[in-house]
Amino acid sequence: MKIIITEQQANEILTSMLEEMFDGYETKYEGDLRNIYVNGKLMAQLGPSTGIVSLDAFNELKDNLFFNTDKDLREEVANWIRNKFKSKNNIGKYGISFKKLHGEERDLPKKPRKPHHATRQDKLEPGFNLDAFKERTSNIEIKLKNKEDLIRAARAKMNPDSFQNWWKRDTDKHNEREKKEKEKQLSDISKMVARLKTDNK
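Here is a short report on the structure shown in this document. (Residues numbered from 1 in each chain as written. Predicted model: local features only at pLDDT ≥ 70, side-chain atom pairs only at ≥ 80, totals over all residues. Heavy atoms only, no water.)

### Here we look at the environment of Leu46
Convention followed: The numbering of helices and of strands both runs from the N terminus, where a helix is a DSSP run of H or I of at least 4 residues and a strand a run of E of at least 2. Each residue is assigned to one of three classes by its accessible area relative to the maximum for its type, calculated with a 1.4 Å probe on protein chains only: buried under 20%, partly exposed between the two thresholds, exposed over 50%. Contact criterion: two residues are considered in contact whenever any of their non-hydrogen atoms come within 4.5 Å of each other.
Along the chain, Leu46 falls in strand 3 (residues 41-46). Assessed through its relative accessible area of 1%, Leu46 is described here as buried. Separated by 14 residues in sequence, Leu46 and Asp32 place their C-alpha atoms 8.3 Å apart. Once residues lying within four places of it in the same chain are set aside, the contact partners of Leu46 are Asp32, Leu33, Arg34, Ile36, Gly51, Ile81, Phe85 and Tyr94.

### Here's the deal with the nonpolar core
In plain terms, the rule: We define a nonpolar core as any set of buried Ala, Val, Leu, Ile, Met, Phe, Trp, Tyr and Cys residues linked to one another through side-chain atoms lying within 4.5 Å.
One finds Leu18, Phe22, Val53, Leu61, Val77, Ile81 and Phe98 to be the most contacted residues of the largest nonpolar core, which totals 26 residues. Among the elements that line this core, the one with the most residues is helix 3 (residues 70-85), at six residues.

### Remarks on the packing of helix 2 (residues 55-64) against helix 3
To be explicit about the condition: Only the stretch in contact is used when a helix axis is fitted, and all axes are lines through C-alpha atoms; the angle between N-to-C directions ranges over 0 to 180 degrees. Here the angle decides the label: under 35 degrees means roughly parallel, over 145 means roughly antiparallel, 65 to 115 means roughly perpendicular, and every other value means oblique. By definition, turning the near helix anticlockwise from the far helix through less than a right angle yields a left-handed crossing, and turning it clockwise yields a right-handed one. Only Asp, Glu, Lys and Arg are considered charged, only Ala, Val, Leu, Ile, Met, Phe, Trp, Tyr, Cys and Pro nonpolar, and every remaining residue, Gly among them, polar.
At a minimum axis distance of 11 Å, the contact between helix 2 and helix 3 shows a crossing angle of 120°. Relative to helix 3, the element helix 2 is oriented oblique. Here helix 2 and helix 3 pass one another in a crossing that is right-handed. Contacts from Phe58, Leu61 and Lys62 of helix 2 reach helix 3 at Asp70, Leu73 and Val77. A breakdown of the residues in the contact of helix 2 with helix 3 according to their chemical character gives four nonpolar, no polar and two charged.

### Concerning the packing of aromatic side chains
What counts here: Only centres within 6.5 Å qualify two rings of Phe, Tyr or Trp (six-membered ring in Trp) as a pair; their planes then separate them into stacked at under 30 degrees, edge-to-face at over 60, and tilted for everything else. Note on criteria: charge over ring means Lys NZ or Arg CZ within 6 Å of the ring centre, with the direction from the centre no more than 35 degrees off the ring normal.
Scanning all chains against the criterion turns up five aromatic pairs. Here the aromatic rings of Phe22 and Trp80 are separated by 5.3 Å at their centres, their planes lie at 45°, and the arrangement is tilted. In this pair, Phe22 sits in the loop between helix 1 (7-21) and strand 1 (26-30) while Trp80 sits in helix 3, placing the two residues 58 residues apart along the sequence. On the basis of relative accessible area, Trp80 is assigned to the buried category, the value being 7%. Summarising the aromatic geometry, the rings of Tyr25 and Phe85 are spaced 5.0 Å apart at their centres and angled 75° between planes, so their arrangement reads as edge-to-face. One end of the pair, Tyr25, is in the loop between helix 1 and strand 1; the other, Phe85, is in helix 3, and 60 residues separate them in sequence. Phe85 sits in the buried class, given a relative accessible area of 7%. The ring centre of Tyr37 lies 4.9 Å from the NZ or CZ of Lys28, which sits over that ring.

If you want it as C-alpha cells, here you go:
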C-alpha cells in the first residue's frame, strides 16, 4: 500500500525530528558564534548569516525522509534553524552546511566519480583484457566494413546510372554486335561456298 503525505505533513515530521534532536540544547557563545550543545555534543555552530550543523542531523533526516536533492534538505534545515534560534540580524535567508562537529558523526557517502572519457578500460577494471577487447573491436569493425561494402555493391547494382551498370550494358552491346557480325560473316561464307559449288556443275 502506498502512503501519500502532504507537504505540510512532511514539514511537520521534519520539524518534529529536529526538535527531538535538539531537545534540551545548551547555548555557549564564542565570539560571533553560538555553539549549540545537546547532551555535551556540539550539534551546531551558528554565525550571524551562516552556520554549520552536525552531520548527525543530515544523516538522520536523509535516512528517514525523502528529499529530491540534498539542497532541498539543507534549505529545510536552514529554515528551521533560522526560526528556532532567531538570527540576530533577522536575515531573510540563512545558509548552512553539514560537517563533523563532535567527531562521532557518520561520514557522508562519497559520490562516485565519473571517469574521464579518455580513461582506458583496463585502468578502470583490474583484470580487463585490453588486447582481447581490441581484437573484438577490430573484428566488429571488419564485419561492419564488409557489411557496408555489400550494401554499397547492392545499391550500385540496383542503380541503372552507376558506372558498373553502364559498363556492363556497353559490354553486352559490344558482345552482341560482335556475335551478329560473326554470324553474318559465317552466313556470307556459306552462301559463297554454295554459289561456287553451283557454278562448277
